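Coordinate analysis (summary)
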Amino acid sequence: MPARDEALAIILSIAVALLMVIVAVIASASAGPQQSTQGGPPDPACVEWADSCVVCSRTTEGLACSTPGIACTRGAPRCLRR
């Protein structure tokens, strides 16, 4: 019964792929906002800043930072909005 074995293999592959997507979504949801690893803002009055790689801003929940790209080269933080 090769057709049955192939169908079972396809169903199993789809189930594993869906499980991996669900785990990734749960992990990213529980991670919360990304924190800047470069340091803080250039000055205390700065509300939004960037380091040529990550953009961070102060929100009511705390710091919220974007995720850096794979080929990112960080620079000195500069204030974008006060």
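Here we summarise the structure given alongside this text. Here the structure is a predicted model, which is why all the values come from computation and not from measurement.

Definitions and cut-offs
- Residues numbered from 1 in each chain as written.
- Predicted model: local features only at pLDDT ≥ 70, side-chain atom pairs only at ≥ 80, totals over all residues.
- Heavy atoms only, no water.
- Salt bridge = Lys/Arg side-chain N within 4 Å of Asp/Glu carboxyl O.
- Helix = DSSP H or I, 4+ residues; strand = E, 2+ residues; numbered from the N terminus.
- Patch = residues over 30% accessible without salt bridge, like charges linked within 9 Å, V, L, I, M, F, W, Y side chains within 5 Å.
- Areas by Shrake-Rupley, 256 points an atom, 1.4 Å probe, with all protein chains shown as cover.
- Buried < 20%, exposed > 50% of the residue type's maximum accessible area, 1.4 Å probe, protein only.
- Pairing = 2+ DSSP bridges.
- Axes fitted to C-alpha atoms, helices over the stretch in contact; angles between N-to-C directions.
- Polar contact = N/O pair within 3.5 Å; in protein donor to acceptor, adjacent residues only side chain to side chain.

Inspection of every chain in the model, using the stated rule, returns three salt bridges. A salt bridge links aspartate 43 to arginine 82; the nearest nitrogen and oxygen atoms lie 2.7 Å apart. Of the two residues, aspartate 43 is situated in the loop between helix 1 (2-31) and strand 1 (48-50) and arginine 82 in the segment after strand 4 (78-81); the sequence distance between them amounts to 39 residues. In this structure, glutamate 48 engages arginine 81 in a salt bridge whose closest nitrogen and oxygen atoms are separated by 3.0 Å.

So, on to a nonpolar patch on the surface. On the surface, Ile10, Ile14 and Leu18 cluster together into a nonpolar patch covering about 300 Å² of accessible area. Residue position: isoleucine 14 is located in helix 1. Owing to a relative accessible area of 49%, isoleucine 14 belongs among the partly exposed residues under this scheme.

Read from one edge to the other, the open sheet built from four strands follows the order 3-2-1-4, with strand pairing classed as antiparallel. Every other strand in the sheet has two partners, leaving strand 3 (62-65) and strand 4 as the edge strands with one partner each. Recorded for the sheet is a direction-independent mean angle of 30 degrees between the axes of neighbouring strands.

Where strand 1 lies against strand 2 (residues 55-59), three bridges are found, and the strand directions are antiparallel. Within the sheet, the bridge partner assigned to glutamate 48 lies in strand 2 and is serine 57. Linkage of strand 1 to strand 2, two consecutive antiparallel strands, is achieved through a turn of four residues, within which serine 52 is found at a positive phi near 70 degrees. From the end of strand 2 to the start of strand 3, which pair antiparallel, there are two residues.

The next point concerns the side chain of aspartate 51. Take aspartate 51: it is sitting in the loop between strand 1 and strand 2. Exposure remark for aspartate 51: the relative accessible area of 3% places this residue in the buried category. Of the polar contacts made by the side chain of aspartate 51, one reaches the backbone nitrogen of valine 54; its length is 2.7 Å.

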